[in-house]
Amino acid sequence: MPALTFPASFDSLDEIREYVGKIARDAGFSDQDVYSIQLAADEAASNVIEHAYAGNSKATFELSCAFRNDRLVVTLLDHGKQFDPSKVPQPDLKADLSDRKIGGLGIYLMRKLMDEVRYEITGAGNLLTLVKRKA
Amino acid sequence: MDTSTKEFKHCNLIKVSGRVDSSTATKFSQALEANFDRGVYKLVIDMSDLEYMSSAGFRALLAAQRNCKRYNRGEVLLAAVPVRIQEALDLAGFTELFKTYKEPLEAVGSL
């Protein structure tokens, strides 16, 4: 799967959303699913930029997106600090305004929006895989 | 992302347009906080021209709501929320934290 390299900067997010959005639309996903895929990819990339690289804008990460066998697969590969989203506690969505936690929301959304979210530490780096099945 | 603010007698109406993500959320927060600097804690956010909002924007909304509701001095209301953004707000469990109106002026009138 060909991958694009992005600088670890929030300025990359527009391009990432456009890239995955086009592939999802061309694959025939609904507007709702296209938005979900764009939002999940944005949250995943934002986490890499913020946590794996902690604002080191000289760093880069690789993102791929492909549609095969009715599944859209987005991968993000970074070489920064290991950050396992599955270790982040789920936010309490019933908490009062004053008790709402500010963090963890992006990861929670990513999991709700996609059918699969996998995190692996590989020889090539930290690999996050997001999968959306076409209904 | 752009914002514009219109002052009413009892509240300010902030229109946010474009995309709020991790790169623009700070600017969005600052636009909300500018109201607090002027002592205005009753805010209506008109989202009719908002194309996209990630959790970075949701965090800015949450922080503003907390600030406004402190000492019962005000509230943040949302108006004309586009369907995709409403769905994401629902997923995030934000629906109970913000009263939502179809029309911005209807929200202004309720404050």
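See the structure above.
Everything quoted here is computed from the prediction, not taken from an experiment.

Chemist: Even after reading the chapter, I still don't get the overall build of chain A, so can you show me in this structure?
Modeler: Broken down by element type, chain A carries 3 helices and 5 strands. Reading chain A from its N end, one meets helices and strands in the order β-α-α-β-β-α-β-β. For chain A, the C-alpha atoms occupy an extent of roughly 45 × 35 × 25 Å along the three principal directions. Every one of the 135 residues in chain A was classed for burial, and the buried ones make up 50%.

Chemist: Looking at this structure, I do not really get the pattern of salt bridges. What am I missing?
Modeler: Once their charged atoms are close, side chains differing in charge can pair, the charge on each being opposite to the other. Per the counting criterion, the structure on display carries 16 salt bridges over all chains. Between Asp46(B) and Lys15(B) there is a salt bridge whose closest N-O contact spans 3.6 Å. Placement of the pair is Asp46(B) in strand 3 (residues 42-46) and Lys15(B) in strand 2 (residues 12-20), with a sequence separation of 31 residues. With a relative accessible area of 7%, Asp46(B) lands in the buried category. In this structure, a network of salt bridges that share partners links the residues Asp14(A), Arg17(A), Asp42(A), Arg19(B), Asp21(B) and Glu51(B).

Chemist: Can you help me understand the packing of aromatic side chains in this one?
Modeler: Here the distance between the centres and the angle between the planes together describe a pair of aromatic rings. According to the stated counting rule, one finds 6 aromatic pairs over all chains in the structure shown. An aromatic cluster of three or more residues is present, and its members are Phe58(B), Phe94(B) and Phe98(B). Cation over ring: Arg17(A) sits above Tyr52(B), and NZ or CZ is 4.2 Å from the ring centre. Taking NZ or CZ as reference, Arg73(B) lies 3.9 Å from the ring centre of Tyr41(B), over its face.

Chemist: Help me understand the interface of chain A and chain B, please; the structure alone is not making it clear to me.
Modeler: With 27 residues of chain A at the contact, the number on the chain B side is 25 residues. For the chain A and chain B pair, buried surface summed over both sides reaches about 2,300 Å², with 60% attributable to carbon and sulfur atoms. Applying the counting rule to chain A against chain B returns 2 salt bridges. Where Asp14(A) meets Arg19(B), a salt bridge forms, and the shortest distance between an N and an O atom there is 2.9 Å. Contributing elements (two or more residues each) for the side of chain A that touches chain B: helix 1 (13-26), helix 2 (31-52) and helix 3 (105-113) of chain A. Per-element tally for the side of chain A that touches chain B: the top contributor is helix 2 of chain A, with 8 residues. Residue classes in the side of chain A that touches chain B are distributed as 12 nonpolar, 5 polar and 10 charged.

Chemist: When you look at the pairing of strand 3 of chain B in this model, what are you seeing that I'm missing?
Modeler: Residues and elements named next belong to chain B. By the criterion of burial, strand 3 is predominantly enclosed, with 4 of the 5 residues buried. As paired strands, strand 2 and strand 3 are joined by 4 bridges and run parallel to one another. The residue bridging Asn12 from the neighbouring strand is Leu43, located in strand 3. Pairing between strand 3 and strand 5 (residues 75-79): 5 bridges, direction parallel. The residue of strand 5 that forms the bridge with Asp46 is Ala79.

Chemist: Where do I start with unusual backbone geometry in this structure?
Modeler: Working note: non-glycine residues mostly have negative phi, and peptide bonds are mostly trans. Residues and elements named next belong to chain A. You will see that Asn69, though not glycine, has its phi angle at about 50°, which is positive. Along the polypeptide, Asn69 turns up in the loop between strand 2 (60-68) and strand 3 (71-78). Judged by its relative accessible area of 69%, Asn69 is exposed.

The rules behind each value
Residues numbered from 1 in each chain as written. Chains lettered and ligands numbered in written order. Predicted model: local features only at pLDDT ≥ 70, side-chain atom pairs only at ≥ 80, totals over all residues. Heavy atoms only, no water. Helix = DSSP H or I, 4+ residues; strand = E, 2+ residues; numbered from the N terminus. Buried < 20%, exposed > 50% of the residue type's maximum accessible area, 1.4 Å probe, protein only. Salt bridge = Lys/Arg side-chain N within 4 Å of Asp/Glu carboxyl O. Phe/Tyr/Trp six-rings, centres within 6.5 Å; stacked < 30°, edge-to-face > 60°. Lys NZ or Arg CZ within 6 Å of the ring centre and 35° of its normal. Contact = heavy atoms within 4.5 Å. Buried area = accessible area lost by both parts, 1.4 Å probe. Nonpolar A, V, L, I, M, F, W, Y, C, P; charged D, E, K, R; others polar. Pairing = 2+ DSSP bridges.

None of the figures reported here should be taken as evidence of function without further support.
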